[in-house]
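Descriptive analysis of the structure
One-letter residues, chain by chain:
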Amino acid sequence: MLEREGGRHLSDAKLSWRRYCGFFELSIKDFMTIQESLLREELDLVAASPLGKRLFGGKIPTTEDFRNALPLTTYKDYQSFLASKREDILPEKPAFWAFTTTTAGAEKWTPFTARAVNRLIDYTIAALILATARHKGDINIGPGERIMYNVAPAPFLSGLMAHGLAERCNLRGIPPSLHDSLGFQGALEEGFKHSLVHGCDVVISMTPVMLKIGQRFSAMSASHANGLRKTRDLRVLFRIAQARIKSIIEHRPILPKDLWNLKGVIGWGIDTSLLRDKIRYYWGREPYEFMACSEVGILAMQSWSKRAMTFVPAAAFLEFIPEEELAKEQDAQGYNPRTVLLNELEPGKRYEVVATSFYGMPLLRYRLGMLVRVVAMEDPRDGIQLPQVELVGRTGGLIDLAGFTRLDEKTIWSALVQAGLEHGNWTARKEMAGEDPSLALYIELEPNTDVAELQEKVHSALKSLDPSYRDLESLLNIKALRMVRLNPGTFRAYTNLISENGLMRGLAYQVPKVDASPEVVDKLLELSGSFVQQQKVESLPPR
């Protein structure tokens, strides 16, 4: 790994691996020691600040009393001073304000201190190393590597990560400042053009974006290649010619993997593991996955084997709300869920992640709304002694059917993929079919789709994935799935509607995958119906 540091370059492989990926060697006891040490430092900083005086009355709680002294928090508890970017109340002056929006369209700003940014970039460099590693200890990335970023611009956190890599590492790609000025779509197009000319070694992108690029490139590769041949740049012409030869030999369209022999692909999103084979087909590499959020940064990462993820020790102090506690909270208003620590997790169970910031950042016992499942308590194949997890959805995104099963987003995604549906234009919610609960799945499908046949495939996939869902039919004779066809383009029309007109009563800024409101579903049905009306009008004979 090549990193700028005081004008010197660090290129020692063992040193780089130990510095950036050494946390995979930790025992769970060592992990908890690091967590508690950084929490102690954070509590000292917060207690001395105006924020700490407001929360603790100037008293510094012990790490043992901390979880009892402070209730769980959400962004609403900080909104009054974070939304206006008040720095006077914070424990430490921020170096960067990260931005995101909620599903309801509300803005969220989170301050990152210089130390927090440095730690975030450390873990981003670790992701680069691990994504390109061929085995444990392998440093397969070095000076002048060429990067294609398909990420949101700063002040989104992904833009901050791109800036940090450019400043700390000798990587080539379009400059982050240019990337930010072009907007997401413009930066994507410019990055693609830049990589056609200069080459590409690593792609960093949201996984669904990579999938869309691969699909679109494949669908229009012939005309696209003809258009690219008009360029006078010999490097592009040579690259296209080579790609064309590869595609002819394999009797298929040109794919991105024909243009570049990538060392690694980094993606994120709940559907990354489900789309792994498709990404490998289009891009030639299995996607490397990490878990991150705009309030904290990178929380968990895959190892060099690209299986489940391992939590990192120095991003935030981690607590976990067990699923049964979430159920109690839903049933009893005002109930304060108990939490467990990493060394108290149990395999097979689902938890909501709670984080307390380190490095003078202000979020304490903050509910991230991220739902994870513990796959195993360790990975003996890689010698990892820490719990292995996967992201399965958002808190509140569990669909309870007759008390038998609570389906999460990832399970529904998996069933759709098994049935041959890979696009993300769907939303699922619990509805009632007479006296029985139903899983209503609203999904974009072509008009000639046999919905009944497809519904049976998805139903069978859900039974194979979730034994409790299978019991719903075998024991109660409830066949819960009900698929509702929406015309292609419905979800895009919804997004355009909100972008052009702003939020309307009962609607969300984005359609949630699970548990959309009745108003959102009604609007989707209305927009889908408008496509039918438009087609009828267009098919009328001229007068």
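In case you missed it, the structure is sitting above this.
Given the structure is predicted, the values throughout are model-derived calculations rather than measurements.

When its secondary structure is counted, the protein shows 19 helices and 19 strands. Radius of gyration (C-alpha) of the protein: 24 Å, near the 24 Å computed for a compact globule of 543 residues. In terms of its C-alpha atoms, the protein occupies a principal-axis envelope of roughly 80 × 65 × 50 Å. By the burial criterion, 53% of the 543 residues in the protein qualify as buried. Taking as baseline every contact in the protein between residues at least 6 positions apart, the subset at least 24 positions apart corresponds to 64%. When the accessible area of the protein is evaluated, it comes to approximately 24500 Å², of which 51% is carbon and sulfur surface.

In space, the 10 strands of this open sheet follow the order E5-E6-E7-E8-E9-E10-E14-E13-E12-E11, with mixed pairing throughout. Each end of this open sheet is capped by a strand with a single partner; those strands are strand E5 (147-150) and strand E11 (316-322). Mean inter-strand twist for the sheet, computed between neighbouring axes without regard to direction, equals 40°. Strand direction decides the pairing type here: strand E12 (residues 350-357) and strand E13 (residues 366-376), joined by five bridges, are antiparallel. In the sheet register, Ala-355 faces E13, and the bridge partner there is Tyr-366. This element, helix H14 (residues 323-331), spans E11, E12 and E13 of the sheet and lies at about 65° to E11.

Further remarks concern the sheet that holds strand E17 (residues 426-433). Spatial ordering of the open sheet is given by E17-E18-E19, a layout of three strands whose pairing is mixed. Strands at the two margins of the open sheet, each flanked by one partner only, are E17 and strand E19 (481-486). Pairs of neighbouring strands in the sheet enclose a mean axial angle of 25°, with direction left out of account. Here strand E18 (residues 436-444) runs beside E19; their pairing, made up of six bridges, is parallel.

The subject of this paragraph is the packing of helix H1 (residues 13-21) against helix H6 (residues 114-132). At a closest axis distance of 9 Å, the pairing of H1 and H6 adopts a crossing angle of 125°. The orientation of H1 with respect to H6, classified from their angle, is oblique. In this structure, the crossing between H1 and H6 has a hand that is left-handed. Here Ser-16, Trp-17, Arg-19, Tyr-20 and Cys-21 of H1 come into contact with H6, specifically with Asp-122, Ile-125, Ala-126, Ile-129 and Leu-130. Its residues assigned to classes, the contact of H1 with H6 shows seven nonpolar, one polar and two charged.

The nonpolar side chains of soluble globular proteins are, as a tendency, buried together. The biggest cluster of nonpolar side chains holds 125 residues, and the ones touching the most others in it are Ile-204 and Met-301. Top contributing element to this core by residue count: H6, with 12 residues. With near-sequence residues (within four places) excluded, Ile-204 lies in contact with Leu-128, Ile-147, Met-148, Tyr-149, Asn-150, Val-151, Leu-165, Ile-266 and Trp-268. Counting residues in hydrophobic clusters, the runner-up holds 25 residues, among them Val-197, Val-203, Ile-240 and Leu-255.

Side chains three or four residues apart in an α-helix point the same way, a direct result of the helix having 3.6 residues per turn. Within the sequence span of H1, burial applies to Ser-16, Trp-17, Tyr-20 and Cys-21. Buried residues in H1, looked at end-on, bunch into an arc of 95°, giving them a common side. Of the residues in H1, the exposed ones pointing more than 90 degrees away from the buried face are Lys-14 and Arg-18.

Turning our eyes to something else, we now look at the packing of aromatic side chains. A full pass over the atoms with the stated rule returns 16 aromatic pairs. An angle of 10° between the planes, with centres 6.4 Å apart, marks the rings of Trp-260 and Trp-283 as stacked. Remark: Trp-283 occurs in helix H13 (residues 276-283) and Trp-260 occurs in the loop between helix H12 (256-259) and strand E7 (264-267); sequence separation between them is 23 residues. In this structure, Trp-260 and Trp-283 share a single accessibility class: buried.

Attention now goes to the packing of helix H9 (residues 207-219) against H13. It is at 10 Å that the axes of H9 and H13 come closest, and there the two elements cross at 50°. Considering the angle they form, H9 stands oblique to H13. Taken as a pair, H9 and H13 cross one another with a handedness that is left-handed. Facing H9, whose interface residues are Thr-207, Met-210, Leu-211, Ile-213, Gly-214, Gln-215 and Ser-218, H13 presents Lys-278, Ile-279, Tyr-282 and Trp-283. Among the residues forming the contact of H9 with H13, the class breakdown is six nonpolar, four polar and one charged.

What follows is about the environment of Tyr-494. The residue Tyr-494 is located in helix H18 (residues 490-501) in this model. For the pair Tyr-494 and Glu-329, spaced 165 residues apart in sequence, the C-alpha separation works out to 32 Å. Residue contacts for Tyr-494: discarding those within four places in its chain leaves Leu-507, Ala-508, Tyr-509, Val-511, Val-520, Lys-523, Leu-524 and Leu-527.

In the case of a regular strand, side chains alternate between the two sheet surfaces. Among the 11 residues of E13, eight are classified as buried, and the element is accordingly described as predominantly covered. Direction of pairing for E13 relative to strand E14 (residues 388-394): antiparallel, over a ladder of six bridges. The residue bridging Val-374 from the neighbouring strand is Val-389, located in E14.

So, about unusual backbone geometry. Ala-154 connects to Pro-155 through a cis peptide bond whose omega is 15°. Relative to the helices and strands, Pro-155 is located in the loop between E5 and helix H7 (157-168). Positioned with a positive phi, Arg-365 is a non-glycine residue whose angle comes to about 45°. Along the polypeptide, Arg-365 turns up in the loop between E12 and E13. Given the relative accessible area of 3%, Arg-365 is considered buried. If you check the backbone angles, Asp-515 has positive phi at about 65° while not being a glycine. Locating Asp-515 in the fold gives a position in the loop between H18 and helix H19 (518-539).

Another point: the pattern of salt bridges. Taken as a whole, this structure holds 42 salt bridges when the rule is applied. Note that Glu-145 is salt-bridged to Lys-263, the shortest N-O span being 2.6 Å. With Glu-145 in the loop between H6 and E5 and Lys-263 in the loop between H12 and E7, this residue pair connects regions lying 118 residues apart in the sequence. A salt bridge links Arg-252 to Glu-250; the nearest nitrogen and oxygen atoms lie 3.0 Å apart. Classification of Glu-250 by relative accessible area gives partly exposed; the value is 48%. Beyond isolated ion pairs, a larger network of salt bridges with shared partners links Glu-324, Glu-325, Lys-328, Arg-338, Glu-346 and Lys-349.

Basis of the calculations
- Residues numbered from 1 in each chain as written.
- Predicted model: local features only at pLDDT ≥ 70, side-chain atom pairs only at ≥ 80, totals over all residues.
- Heavy atoms only, no water.
- Helix = DSSP H or I, 4+ residues; strand = E, 2+ residues; numbered from the N terminus.
- Rg over C-alpha atoms; globule rule 2.2 N^0.38 Å.
- Buried < 20%, exposed > 50% of the residue type's maximum accessible area, 1.4 Å probe, protein only.
- Contact = heavy atoms within 4.5 Å.
- Areas by Shrake-Rupley, 256 points an atom, 1.4 Å probe, with all protein chains shown as cover.
- Pairing = 2+ DSSP bridges.
- Axes fitted to C-alpha atoms, helices over the stretch in contact; angles between N-to-C directions.
- Parallel < 35°, antiparallel > 145°, perpendicular 65-115°, else oblique.
- Left-handed = near helix turned anticlockwise from the far one by under 90°.
- Nonpolar A, V, L, I, M, F, W, Y, C, P; charged D, E, K, R; others polar.
- Core = buried A, V, L, I, M, F, W, Y, C linked by side-chain atoms within 4.5 Å.
- Arc of directions from axis to C-beta.
- Phe/Tyr/Trp six-rings, centres within 6.5 Å; stacked < 30°, edge-to-face > 60°.
- Salt bridge = Lys/Arg side-chain N within 4 Å of Asp/Glu carboxyl O.

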